Amino acid sequence: MPSGGTAALLWRDREGCGTIPFGIAAFRIGVYALLPFGYTTVERHDAGAPSCVGNVLWLVLAGWWLALTHIVTGIAMCITIIGIPFGIANFKLIPVSLFPLGREIVRTDEPFASR
C-alpha cells in the first residue's frame, strides 16, 4: 500500500465501505435540513464504537464548519420576525451536523421520540 494508506482506505477504498456511513450521514443531514419541522433526532443506543470513531472523524473534518455555518445563518435569520422559525430550524440542525452517526430522525408525535 502506498504512503497515506490509512487515508486511502478511509476515503477511496475499492468497495466504498469506508465512505458509505459518511454518505448516509450526509444524506440524513440533507433530508433533515429539507424538512426540519415536525421532526427531531434521537440517539440510537445500538450504535457502537465504529459510530463513535466515525463521529470523531466527522467532527474534525466536516462537522465543526457545518455547525458554525448553522449558527451564523440561524442568527442571521432570527433578525427578522419571518425568519425566526427558520433560524430555530437551523439551531436544531447543529447537533446532527456535529455528530450525525448513531442518530435517527423521527417525527415528534411518535411515542418513541424522546428528547
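Throughout what follows, the structure given in this document is the object of discussion.

Conventions adopted
- Residues numbered from 1 in each chain as written.
- Predicted model: local features only at pLDDT ≥ 70, side-chain atom pairs only at ≥ 80, totals over all residues.
- Heavy atoms only, no water.
- Helix = DSSP H or I, 4+ residues; strand = E, 2+ residues; numbered from the N terminus.
- Patch = residues over 30% accessible without salt bridge, like charges linked within 9 Å, V, L, I, M, F, W, Y side chains within 5 Å.
- Areas by Shrake-Rupley, 256 points an atom, 1.4 Å probe, with all protein chains shown as cover.
- Salt bridge = Lys/Arg side-chain N within 4 Å of Asp/Glu carboxyl O.
- Buried < 20%, exposed > 50% of the residue type's maximum accessible area, 1.4 Å probe, protein only.
- Axes fitted to C-alpha atoms, helices over the stretch in contact; angles between N-to-C directions.
- Parallel < 35°, antiparallel > 145°, perpendicular 65-115°, else oblique.
- Nonpolar A, V, L, I, M, F, W, Y, C, P; charged D, E, K, R; others polar.
- Contact = heavy atoms within 4.5 Å.

Regarding the environment of Val 42
Inference 1: Relative to the helices and strands, Val 42 is located in strand β1 (residues 39-43).
Inference 2: Separated by 62 residues in sequence, Val 42 and Glu 104 place their C-alpha atoms 5.4 Å apart.

With respect to a nonpolar patch on the surface
Inference 1: Among the surface-exposed residues, Ile 71, Ile 75, Ile 81, Ile 84, Ile 88 and Phe 91 lie close enough to one another that they form a single nonpolar patch of about 550 Å² accessible area.
Inference 2: Among the secondary structure elements, those contributing two or more residues to the nonpolar patch are α3 (49-77) and α4 (84-98).
Inference 3: Broken down by element, the nonpolar patch gets its largest block of residues, 3 residues, from α4.
Inference 4: Take Ile 84: it is sitting in helix α4.
Inference 5: Taking the relative accessible area as the measure of exposure, Ile 84 reaches 34% and is therefore partly exposed.

Points about the packing of α3 against α4
Inference 1: Between α3 and α4, whose axes approach to 8 Å, the crossing angle comes to 170°. The angle between α3 and α4 falls in the class roughly antiparallel.
Inference 2: Residues belonging to the contact of α3 with α4 are distributed by class as follows: 14 nonpolar, 8 polar and no charged.

Considerations on the side chain of His 70
Inference 1: Structurally, His 70 is set in helix α3.
Inference 2: Accessibility expressed as a relative area gives 12% for His 70, which makes it buried.
Inference 3: Among all residues touching His 70, those that are not within four sequence positions of it are Asn 90, Phe 91, Leu 93, Ile 94 and Ser 97.

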